[in-house]
Amino acid sequence: MISRAKSEALFAEALRFIPGGVNSPVRAFRAVGGQPFFVQRAKGARVWDVDGNDYIDYVCTWGPAIHGHAFPKIIEAVKAAAEHGTSFGIPNPHEVTMAKLICGLVPSVEKVRLCNSGTEACMSAIRLARGFTKRDKFIKFDGCYHGHADCLLVKAGSGALTFGNPDSAGVPADTAKHTLVLPFNDVEAVKAAFLANSDQIAAVILEPVPGNAGLYLPKPGYLEFLREITREEGAVLIFDEVMTGFRLAPGGAQERFGIKPDLTCFGKIIGGGLPVGAFGGRADIMDYLAPLGPVYQAGTLSGNPLAMAAGLAALEELKAGRTYARLEELGAALEAGMKDAAKSAGVPVQFNRCGSMFCGYFTSEPVHSLAGAMKSDRERFKKYFHGMLEAGVYLAPSQFEAGFISTAHSAADIEQTVRAAGKAMQGL
Ligand code: KE4
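Residues numbered from 1 in each chain as written. Predicted model: local features only at pLDDT ≥ 70, side-chain atom pairs only at ≥ 80, totals over all residues. Heavy atoms only, no water.

### A few points about the pairing of strand E13 (residues 350-354)
Part 1 of the reasoning: Of all five residues in E13, five are buried, a share of seventy percent or more.
Part 2 of the reasoning: Covered by surrounding structure in E13 are Gln 350, Asn 352 and Cys 354 together with Phe 351 and Arg 353, the residues of both alternating faces.
Part 3 of the reasoning: Bridge count for E13 against strand E14 (residues 357-361) is five bridges, and the pairing is antiparallel. Within E14, the position partnered with Arg 353 by the bridge is Phe 358. (Buried < 20%, exposed > 50% of the residue type's maximum accessible area, 1.4 Å probe, protein only. Helix = DSSP H or I, 4+ residues; strand = E, 2+ residues; numbered from the N terminus. Pairing = 2+ DSSP bridges.)

If you want it as structure tokens, here you go:
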């Protein structure tokens, strides 16, 4: 067993001052048992804990570290920007460069507003769609996560076509009732929801490739169907690309699947590891935002110079390098290796992948929705997770999260990961 005595002492102290000892619930290892380790430093594809143990990292800070940790160009950019101040609350040139870069890389985005998290981006996009359409209801899909704004912490209410139920304490039923939660990849459910709520639905928001219930893909034609029905019904189509944006292609999932949404939410990669979110899209909708229009949205640190410097360095590198070809090579190698490992161990695994995002479900049935993901054997996942951790491979501490590969991962890292998986799956 790897010694983690310093992490254990830190966690005991953290529990005294921070709820659950963490500043974001998934980090607490409650889905897999045991205690989280504490990171001392990170570089490339690896993180080191405070006890000196190192791990190949497939969480990549939940997506931002697409170039690996402590990427030199990002570190240099942040250091240089910090010399001139850490925040102004006054427009700065970096904001304009960032906005032009996002609009240049994502054709559906004519104008963009920067904020400080994916939650802010999604919350604001929903408010904007409601203001633009003057409608209150909106559709989301089970298994898709769009941050923790009240109206988005909702699960399917009875007969999903009616209204949602709060998925968290503290969310008033009056708030949740406007949120319709439908199964993903189900065309008939969307048709029925629009029929039952005609002229009342402001928007449809989705992760085009859901990465918050593990990872599964849209069925052929599904995204095209959503684009068509929202256009016909006068509802705003919102792609939440906080995770997929700039990861699945320079223009995100919408480039990969050839769909043009009305609004898109961003986060993670565009901050280069610092806190940034953004939402953008059709100019006629975006111009409803204050100070131009009646929909209010604001943020003290929006467009922060340090976060802009880090994000610009990250995005410029994506434009310059052969990032996506490299990520595809690594992803394909990991997928092939994992499938072989599961077959050799005689363990039923569905390994879903889209570019450099992946998830292995312990089930024999294909996974295309939350219902499918829920059939995964979580006891097997828990044992597998800890087997991999002991072998120096850090996976997301939950079956219902996606894994991420960076350009800093090497073929040797993938080989080490596959060998570890072969051992961890033995006897599951
Ligand atoms: P943040 O508010 O955490 O920056 O973004 C919320 C969000 C919105 N949309 C999508 C598609 C997301 O994946 C997220 C956040 N992702 C989770 C990982 N599953 C963040 C990790 C965490 O909550 O600690």
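### Quick word on the sheet that holds strand E15 (residues 393-394)
Part 1 of the reasoning: Sheet architecture is open: four strands sit in the order E1-E2-E3-E15, paired in mixed fashion. The strands lining the two open edges of the sheet, one partner per strand, are strand E1 (39-43) and E15.
Part 2 of the reasoning: The sheet contact formed by strand E2 (residues 46-49) and strand E3 (residues 54-57) spans three bridges and is antiparallel. By the bridge assignment for E3, Arg 46 is matched with Ile 56.

### So, the packing of aromatic side chains
Part 1 of the reasoning: In the structure shown here, the tally under the stated rule is 18 aromatic pairs.
Part 2 of the reasoning: A centroid spacing of 5.2 Å and a plane angle of 90 degrees characterise the contact between Phe 29 and Phe 385, whose relative ring orientation is edge-to-face. You can see Phe 29 sitting in the loop between helix H1 (5-17) and E1 and its partner Phe 385 sitting in helix H13 (residues 378-390), a full 356 residues away along the chain.
Part 3 of the reasoning: The exposure class of Phe 385 is buried, given its relative accessible area of 0%. (Phe/Tyr/Trp six-rings, centres within 6.5 Å; stacked < 30°, edge-to-face > 60°.)

### A word on the sheet that holds strand E5 (residues 137-141)
In a beta sheet, neighbouring strands are held together by backbone hydrogen bonds and run either parallel or antiparallel to one another.
Part 1 of the reasoning: The seven strands are arranged E4-E12-E11-E10-E9-E5-E8 in an open sheet whose pairing can be described as mixed. Taken across any chain shown, the strands that pair with only one partner, and hence form the sheet edges, are strand E4 (111-115) and strand E8 (179-182). Going from strand to strand, the sheet's axes swing by 20 degrees on average, the running direction of each strand aside.
Part 2 of the reasoning: As paired elements, strand E10 (residues 236-240) and strand E11 (residues 263-266) share three bridges and run parallel to each other. Residue pairing in the sheet places Phe 239 in a bridge with Thr 264 of E11.
Part 3 of the reasoning: Against the sheet, helix H6 (residues 187-196) makes contact with E5, E8 and strand E9 (201-206), and its axis sits at roughly 155 degrees relative to E8, the strand it touches most.
Part 4 of the reasoning: Helix H7 (residues 222-233) contacts E5, E9 and E10 of the sheet and is inclined by roughly 145 degrees relative to E10. (Axes fitted to C-alpha atoms, helices over the stretch in contact; angles between N-to-C directions. Contact = heavy atoms within 4.5 Å.)

### Structural notes on the nonpolar core
Part 1 of the reasoning: Membership of the largest hydrophobic core comes to 58 residues, with the highest contact counts inside it found for Tyr 58, Ile 102, Phe 246, Leu 315, Tyr 384 and Met 388.
Part 2 of the reasoning: Mapped onto this core, the elements with two or more residues apiece are E3, helix H3 (93-105), E4, helix H10 (305-320), helix H11 (323-345), H13, E15 and helix H14 (411-425).
Part 3 of the reasoning: Element by element, the count of residues in this core is highest for H11, at eight residues.
Part 4 of the reasoning: Both domain 1 (5-70 + 322-425) and domain 2 (72-319) contribute no fewer than three residues apiece to this core.
Part 5 of the reasoning: Grouped together as the second largest cluster of nonpolar side chains are 40 residues, Leu 206, Phe 225, Phe 239 and Ala 253 included. (Core = buried A, V, L, I, M, F, W, Y, C linked by side-chain atoms within 4.5 Å. Domains from an automatic or database assignment.)

### Brief notes about the environment of Ser 376
Part 1 of the reasoning: Locating Ser 376 in the fold gives a position in the loop between helix H12 (370-373) and H13.
Part 2 of the reasoning: On the basis of relative accessibility, which here comes to 5%, the residue Ser 376 falls in the buried class.
Part 3 of the reasoning: Separated by 28 residues in the primary sequence, Ser 376 and Pro 348 have C-alpha atoms spaced 9.6 Å apart.
Part 4 of the reasoning: Dropping the residues within four chain positions of it, Ser 376 is found in contact with Tyr 361, Phe 362, Thr 363 and Gln 399.

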